[in-house]
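The residues making up each chain are set out below.
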Amino acid sequence: MAGTAEDLTAEGGRLPRFLIAHAAAGFALALGVVAALFAGDVSGLRGLVTEVRGGVLAGVVFTLLMGQTLAVVQIAFALWLLARAPGDGGGGSRSRIGAPQGLRPSGILTPATAGP
């Protein structure tokens, strides 16, 4: 949706739209997953929801919790990819750092000697 984090924090409320759009995409994905689970009757889930008293409520709760979970995962994934957007100059320099100077071993990891 947007290229960089600076684009999202600009005026116009683009950050809330960004988050809501990705939450909706995650929830839609969850609806598809739940529909596939019910259609395939995975572990007898469809029979459990349709035949047991209170099963419809359990199915609704399952759907809402699956939707919440995948919506949050989608938001996190979108933000993670946003932080790694190409051309943002992040990541620091790629130069090698030499060994620190002036450090000596502490002696903690030296083998013990047997003796009196």
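Residues numbered from 1 in each chain as written. Predicted model: local features only at pLDDT ≥ 70, side-chain atom pairs only at ≥ 80, totals over all residues. Heavy atoms only, no water.

A.B. asks: Before we move on, could you go through the overall build of the protein and cite the residues and values that matter?
C.D. replies: Regarding its fold elements, the protein presents four helices and zero strands. Residue burial in the protein is summarised as follows: out of 116 residues, 15% are buried. In the protein, the share of contacts with a sequence separation of at least 24, taken over all contacts with a separation of at least 6, comes to 63%. As presented, the protein carries roughly 9100 Å² of accessible surface, and 65% of it is formed by carbon and sulfur atoms. (Helix = DSSP H or I, 4+ residues; strand = E, 2+ residues; numbered from the N terminus. Buried < 20%, exposed > 50% of the residue type's maximum accessible area, 1.4 Å probe, protein only. Contact = heavy atoms within 4.5 Å. Areas by Shrake-Rupley, 256 points an atom, 1.4 Å probe, with all protein chains shown as cover.)

A.B. asks: I'd like a description of unusual backbone geometry, backed by residues and values.
C.D. replies: A positive phi angle is found at Asp41, which is not glycine, with a value near 50 degrees. With respect to the element layout, Asp41 can be found in the loop between helix H2 (14–39) and helix H3 (45–51). On the accessibility criterion, Asp41 (28% relative accessible area) is partly exposed. Although it is not a glycine, Ser43 adopts a positive phi angle of roughly 55 degrees. Mapping Ser43 onto the fold places it in the loop between H2 and H3.

A.B. asks: Residue-level account of H2, with values.
C.D. replies: Its 26 residues place the ends of H2 37 Å apart at the C-alpha level, agreeing with the 38 Å of an ideal helix rising 1.5 Å per residue. Buried residues of H2: Phe18, His22, Gly26, Ala30 and Val34, and no others. Asp41 sits one or two residues past H2 and shows a positive phi near 50 degrees. (Expected span 1.5 Å × (residues − 1).)

A.B. asks: So what about helix H4 (residues 55–83)? Which residues, and what values?
C.D. replies: The end-to-end C-alpha distance of H4, which contains 29 residues, comes to 42 Å, matching closely the 42 Å that a straight helix rising 1.5 Å per residue would cover. All of the buried residues in H4 are Gly55, Gly59, Thr63, Gly67, Ala71, Ala78 and Leu82.

A.B. asks: Lay out the packing of aromatic side chains in plain terms, naming residues and giving numbers.
C.D. replies: All told, the structure shown has one aromatic pair when counted by the stated rule. On the basis of an interplanar angle of 40 degrees and a centroid distance of 5.5 Å, the ring pair of Phe77 and Trp80 is categorised as tilted. You can see Phe77 and its partner Trp80 sitting in helix H4, three residues apart, about one turn around the helix. A relative accessible area of 43% means that Phe77 is categorised as partly exposed. (Phe/Tyr/Trp six-rings, centres within 6.5 Å; stacked < 30°, edge-to-face > 60°.)

A.B. asks: Now, about the side chain of Thr63: what can you tell me, with residues and values included?
C.D. replies: Mapped onto the elements, Thr63 comes out in helix H4. For Thr63, a relative accessible area of 16% corresponds to the buried category. A polar atom in the side chain of Thr63 sits 2.8 Å from the backbone oxygen of Gly59. In this structure Thr63 touches Leu31, Val34 and Phe38, once residues within four positions along its chain are discounted. (Polar contact = N/O pair within 3.5 Å; in protein donor to acceptor, adjacent residues only side chain to side chain.)

A.B. asks: Mind laying out the confidence of the model for the protein, listing which residues take part and the relevant values?
C.D. replies: Averaged over the protein, the pLDDT score is 81; the fraction of residues at 70 or greater is 68%. No element of the protein has a lower mean pLDDT than helix H1 (residues 5–8), which averages 61, and none a higher one than H2, which averages 94. (pLDDT = per-residue confidence, 0-100.)

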